[in-house]
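Listed below, chain by chain, are the residues.
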Amino acid sequence: MRPLYFLLLLSLLLFTNCEEAGEPGSNDLLLTNGKVWTGDPAQPWATWVAVKDGRISAIGSNGENTPASLQTIDLQGQLMVPGFNDSHVHFTSAGALLLGINLLDVNDEAGFKQRVREATQRLPKGSWVLRGDWGAYEAWGVGSDGSATGNTVFTPHRSMIDDITPEHPVLVTRYDRTEGLANALALEELGITSETGLLTGEQ
């Protein structure tokens, strides 16, 4: 299968298959002899694309007059598509991680205590420290849901943080939300007794 040439990555080709051409006022770059998907229903396919000042200035097909350009790249029949931008974000979750506590990459006691301490230093006294999703990266691994990694997700204990959170109720969660950890102040507020602070929904 021929590789896809994403428009945003075509600058990598500027040092190959380039020809000096054009004249003052012409386009900066002309990409020719390609199979160009435009995304425009009125003209879904083209064979050349002209670029000026970082923006597409014209598109066309073989048989049409191609504009002058300072540089030309021959795509040699390969597929070219627009750059894709996935702006999909869960704003509530992302905001909570940014403003509260982010434990996604935490999988040990030292890192856990450090992030909790940083959160209490940043948040006003009396503010709840919530969620965090500890152990996510360790469990997921690279390109994995964690089911085949064999990694063990860290399990915290309230004794790790009780002494550094006397004025902040803490109720943080494991990445899959199967467990939560509450500090002494949060347990008092919730009316729950737990030696470990680990909450699984069975208390």
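Residues numbered from 1 in each chain as written. Predicted model: local features only at pLDDT ≥ 70, side-chain atom pairs only at ≥ 80, totals over all residues. Heavy atoms only, no water.

Let's hear about the pairing of strand S3 (residues 29-32): which residues, and what values?
A regular strand places its side chains on the two faces of the sheet in alternate fashion. In S3, alternate side chains face the same way, and those of Leu-29 and Leu-31 on one face and Leu-30 and Thr-32 on the other are all buried. For S3 and strand S6 (residues 48-52), the ladder comprises three bridges, and the chain directions are antiparallel. From the neighbouring strand, Leu-30 faces S6, where its bridge partner is Ala-50. Sheet topology places S3 next to strand S8 (residues 71-74); three bridges connect them, and they run parallel. For Thr-32, the partnering residue across the bridge sits in S8 and is Asp-74. (Buried < 20%, exposed > 50% of the residue type's maximum accessible area, 1.4 Å probe, protein only. Helix = DSSP H or I, 4+ residues; strand = E, 2+ residues; numbered from the N terminus. Pairing = 2+ DSSP bridges.)

Could you give an account of the packing of aromatic side chains, with specific residues and numbers?
Applying the stated criterion to the full structure yields two aromatic pairs. Summarising the aromatic geometry, the rings of Phe-112 and Trp-134 are spaced 6.2 Å apart at their centres and angled 85 degrees between planes, so their arrangement reads as edge-to-face. Of the two residues, Phe-112 sits in helix H2 (residues 109-122) while Trp-134 sits in strand S10 (residues 129-134), which places them 22 residues apart along the sequence. Taken together, the aromatic side chains of Phe-112, Trp-134 and Phe-154 make up a single cluster linked through ring pairs. The ring of Trp-45 carries Lys-35 above its face, with NZ or CZ at 5.2 Å from the centroid. (Phe/Tyr/Trp six-rings, centres within 6.5 Å; stacked < 30°, edge-to-face > 60°. Lys NZ or Arg CZ within 6 Å of the ring centre and 35° of its normal.)

Account for the environment of Ala-58, with residues named and values stated.
Residue position: Ala-58 is located in strand S7 (residues 55-60). In this structure the C-alpha to C-alpha distance between Ala-58 and Trp-48, which are ten residues apart in sequence, comes to 8.5 Å. Discounting residues that sit within four places of it in the chain, Ala-58 has contacts with Trp-48, Val-49 and Ala-50. (Contact = heavy atoms within 4.5 Å.)

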